[in-house]
Every structure is written in structure tokens, then in C-alpha cells.
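What the coordinates show
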Amino acid sequence: MIRSDKLTARNFPSAQEEAEQQAAFDAAFDANPPPAYRLAFTDTDFLVRPELRPVRMQLELLKPELVQQELDIQSTVVIFGSARIADRESAQAAVDAARAAKDEAALQRAERRLVMSGYYEEARKFARLITEHTKDFAHPLYVVTGGGPGIMEAGNRGAHEAGGRSIGLNIVLPHEQRPNQYITPELCFRFHYFGLRKMHFLIRSVALAAFPGGYGTLDELFETLTLIQTGKCRRRPILLFGRDFWSRLIDFELLIDTGMISPGDEQLFHYVETADEAWALLMKEYDIGSTANGNGSAGDGH
């Protein structure tokens, strides 16, 4: 009788096996092989050459994709926002410290941060609502953030507090960004290329929530609006938290009046004020409330 494992056995050693064999060989002979002799896929100096950029970009697209496929992650909700917005407890502590020090300028800054901390709490609650209501679905909604502090931390924190997993797409920066502690470890990714990070924000997304933020938040928001406006990706809810902030920051009526965008383009997004309002909008959009007994799905983000 022929054993089935012989029928399916590899004909060639795997790349990992050969790399381990080569490392053991070099160690046994105290060898320091010249660069040309190293296996190409274990040669870091070779892989970071400028000519290898297309290969590195492919790897950076592929690695998070394979991990998420293996974990059967199909649909995500992206939460953007400033890294500078603190949670309410920390913001209140800063106010108290400035008041005790009788530092008027510091007190004014701290009081502004305290007001903005309301967005941290809404992002935290929004992520918690998403996770709580869909974590028992056949295909849950996963919160995905940029992986850092501020609003990003709030999103991962809310999902963590709801007992679910969430994703962090970190980026290498000159001033190193450290992942926040609430990201699910096996879903904590790091990118070199901003463009590929953006692709992974959008590949599985069924909605995007933009909280107040600076250049980075605006970059992600307008990238998404442009893709939807031009028909390069399907339309999905874009939620702008805080009408007062966004309407003061961007004069969409001016863009319409001057012909820079078409009438109706301002309907590509929705203003919302609270997590409850945002969640109700998503429930209506994807008919989430009618998915009975936790066997539903909010949709396929691909």
C-alpha cells in the first residue's frame, strides 16, 4: 500500500528549510560569506536596494493581505482622526495641573484639549458599538485604525473593551510611531509606503469615520472621496464627526459654487455628532438590524 504522505510530499525543500540549513552551515564553520554568496531572500542589504522597490512594494501589499485572508477578515470600518486628541481623563488631569500651576496659557491649551477629548470618547464608543453588535456574525465588522495614539487609540480601545479584535496599520515615521496597546497583536502591521497603507485601509472597508484631525486625516479623507467621486471604488458611508469642525475647515459650498465639484458631490459624506448616530446610519445602510441570531454579515468589503 502506498502511503498518502508520499504522494503529497514536497519535491523540493522550502525556502525556509534552505535558509535554516544555510544558517546552520555558516554557524558550524564560523563562516561570514560574502554578499554575493548569500541567499537572495535572506540578504537584507540586497532587498533594500533602490532597484528592489517594486519587490518591497509587492511584499508590503501581500503580507497584510495574506494574514487577513487567513483570519477570514472580510469587512472593516476605518476610523481616522488626530493622534493629538487625548482621552477625557488625561485631558482633565492636564487642566487640573495647569490650574494648580496658575499657568494661564497652559490652562487655555488644556481646556481646548479637554473639549476635543469628547471626540476620543465618541470614537471609543463607536468602535465598541461596531464590535459588540457584529462580533458574533459569520463575518464581523473589524475596526481598523492607523495604529497610533489619539483617535486611533480610541478606536482600537473601544473594540478591545467590547471583547473583539481590531487592526492597526502603523507607519514608519522619522519620529517613530509606537502601536497603541489595544491593537490585536496578530493584526498589528507596520508599513514603509504610505500608498500601500492607504490601499489596506480601503480594500475591505464598508465605511469610514473621520474625526477631527490634521494633514494625515485630511489626506486619507480626500483620497477616499476622490476614489468614490471618480468611480474607482464603490460608494460607501463616509462619516464626518463634528459638523462645526468640518464645515469651518472645508467650505464645500465654495467648491460647488466655483464649479470645482459637481452638485451632489457634497452628498458623498454624512455629518454625525455621536457614536449612536453613526451606528444607526450604518445599521440602516447595511440592514444590520435584520440579521437574525448573529448569523448575518454587514457586507463584503472587496
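Structure: above.
None of these values were measured; they are calculated from a predicted model.

Definitions and limits used
- Residues numbered from 1 in each chain as written.
- Predicted model: local features only at pLDDT ≥ 70, side-chain atom pairs only at ≥ 80, totals over all residues.
- Heavy atoms only, no water.
- Pairing = 2+ DSSP bridges.
- Helix = DSSP H or I, 4+ residues; strand = E, 2+ residues; numbered from the N terminus.
- Axes fitted to C-alpha atoms, helices over the stretch in contact; angles between N-to-C directions.
- Parallel < 35°, antiparallel > 145°, perpendicular 65-115°, else oblique.
- Left-handed = near helix turned anticlockwise from the far one by under 90°.
- Contact = heavy atoms within 4.5 Å.
- Nonpolar A, V, L, I, M, F, W, Y, C, P; charged D, E, K, R; others polar.

Reading across from one edge, β4-β3-β2-β1-β5-β6-β7 is the order of the seven strands in this open sheet, with parallel pairing throughout. The sheet is open, and its two edges are formed by β4 (188-191) and β7 (270-272), each paired on a single side. Averaged over all neighbouring strand pairs, the angle between strand axes comes to 25°, with direction disregarded. For strand β3 (residues 166-171) and β4, the ladder comprises four bridges, and the chain directions are parallel.

To continue, consider the packing of helix α8 (residues 194-203) against helix α9 (residues 215-229). Where α8 contacts α9, the axes come no closer than 11 Å and their chain directions differ by 60°. Classified by the angle between their axes, α8 and α9 sit oblique to one another. Classified by chirality, the crossing of α9 by α8 is right-handed. When α8 is examined against α9, the residues Arg-197, Lys-198, Phe-201 and Leu-202 are found in contact with a partner set consisting of Asp-219, Glu-220, Glu-223, Thr-224 and Leu-227. Residue composition of the contact of α8 with α9, grouped by class: three nonpolar, one polar and five charged.

This next bit is on the packing of helix α4 (residues 53-70) against α8. One can describe the packing of α4 onto α8 by two numbers: an axis separation of 10 Å at closest approach and a directional angle of 25°. If you check the angle between α4 and α8, you find them roughly parallel. Relative to α8, the crossing made by α4 is right-handed. The residues of α8 that touch α4, namely those facing Met-57, Glu-60, Leu-61, Pro-64, Glu-65 and Gln-68, are Leu-196, Met-199, His-200 and Ile-203. A per-class count over the contact of α4 with α8 returns six nonpolar, two polar and two charged.

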